[in-house]
Amino acid sequence: MVIQALSRKLVRDLGRMKTQAFAIALVVASSIALFIGTAATSRALTLSERQYYEDHRFAHVWSRLSRAPDNVVDRLAAIPGVAAVEGRLVTQGVLDLPGVEEPATGLFILVIRTLPSLDTT
């Protein structure tokens, strides 16, 4: 008996607040749709990034060193799972170009040597 009375009261209250209930349902539905869209976009971007890195053979790991002995390249190539190692010297410099009033900066990259992995598995 008490539950039936509460149910009738709930139905009457919802009938009087149908506009508010509709607005609340609309806000909840919009936020659920936004969450699903954001999650799908995030997943698509992550998959696209992985595919792009695989297609263009980007390095999974790289490191910058100030100074390292020559044999570091050989030791890194010997690590299992390493596909290739590249030792190079990178520095910036100022370029004096004819016809350019302000000095231009350039990035100079000297590839010392590139080694394929010693891992045959």
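Residues numbered from 1 in each chain as written. Predicted model: local features only at pLDDT ≥ 70, side-chain atom pairs only at ≥ 80, totals over all residues. Heavy atoms only, no water.

**Student:** What is the right way to read the overall build of the protein from this model?
**Tutor:** In terms of regular secondary structure, the protein is built from three helices and two strands. Compactness check: the protein gives a C-alpha radius of gyration of 31 Å against a globular reference of 14 Å for 121 residues, more than 25% above the reference. Nonlocal contacts in the protein, meaning residues at least 24 apart in sequence, comprise 45% of its contacts between residues at least 6 apart. Total accessible area on the protein is roughly 11200 Å²; 63% of this is exposed by carbon and sulfur atoms. Taken as two groups, the 13 positive and 11 negative side-chain charges of the protein have centres that lie 24 Å from each other. (Helix = DSSP H or I, 4+ residues; strand = E, 2+ residues; numbered from the N terminus. Rg over C-alpha atoms; globule rule 2.2 N^0.38 Å. Contact = heavy atoms within 4.5 Å. Areas by Shrake-Rupley, 256 points an atom, 1.4 Å probe, with all protein chains shown as cover. Lys, Arg positive; Asp, Glu negative; His and termini not counted. Charge placed at Lys NZ, Arg CZ, Asp CG, Glu CD.)

**Student:** Any chance you could explain a nonpolar patch on the surface here in plain terms?
**Tutor:** Where nonpolar side chains cluster on the molecular surface, the patch consists of I24, V28, I32, F35 and I36 and spans about 530 Å² of accessible area. Its place among the elements puts I24 in helix 2 (residues 18-55). (Patch = residues over 30% accessible without salt bridge, like charges linked within 9 Å, V, L, I, M, F, W, Y side chains within 5 Å. Salt bridge = Lys/Arg side-chain N within 4 Å of Asp/Glu carboxyl O.)

**Student:** Where do I start with the packing of aromatic side chains in this structure?
**Tutor:** Here the distance between the centres and the angle between the planes together describe a pair of aromatic rings. Counted according to the given criterion, the structure contains two aromatic pairs. An angle of 75° between the planes, with centres 5.6 Å apart, marks the rings of Y52 and F58 as edge-to-face. Overall, the relative accessible area of 43% leaves Y52 in the partly exposed class. With centroids separated by 4.7 Å and ring planes inclined at 45°, the aromatic side chains of Y53 and F58 adopt a geometry described as tilted. Residue classification places Y53 among the partly exposed residues on the basis of a relative accessible area of 29%. With relative accessibility at 37%, the residue F58 sits in the partly exposed group. (Phe/Tyr/Trp six-rings, centres within 6.5 Å; stacked < 30°, edge-to-face > 60°. Buried < 20%, exposed > 50% of the residue type's maximum accessible area, 1.4 Å probe, protein only.)

**Student:** Would you mind going over the pattern of salt bridges with me for this structure?
**Tutor:** As a working rule, side chains carrying opposite charge can pair if their charged atoms are close by. Following the criterion strictly, the structure yields two salt bridges and no others. Of the charged contacts, one joins D13 and R16 as a salt bridge, the two residues approaching to 2.6 Å between their closest N and O atoms. With D13 and R16 both in helix 1 (residues 2-16) and three residues apart, the pair spans about one turn of that helix. Owing to a relative accessible area of 23%, D13 belongs among the partly exposed residues under this scheme. The exposure class of R16 is exposed, given its relative accessible area of 64%. Sharing partners across several salt bridges, the network here consists of K9, D13 and R16.

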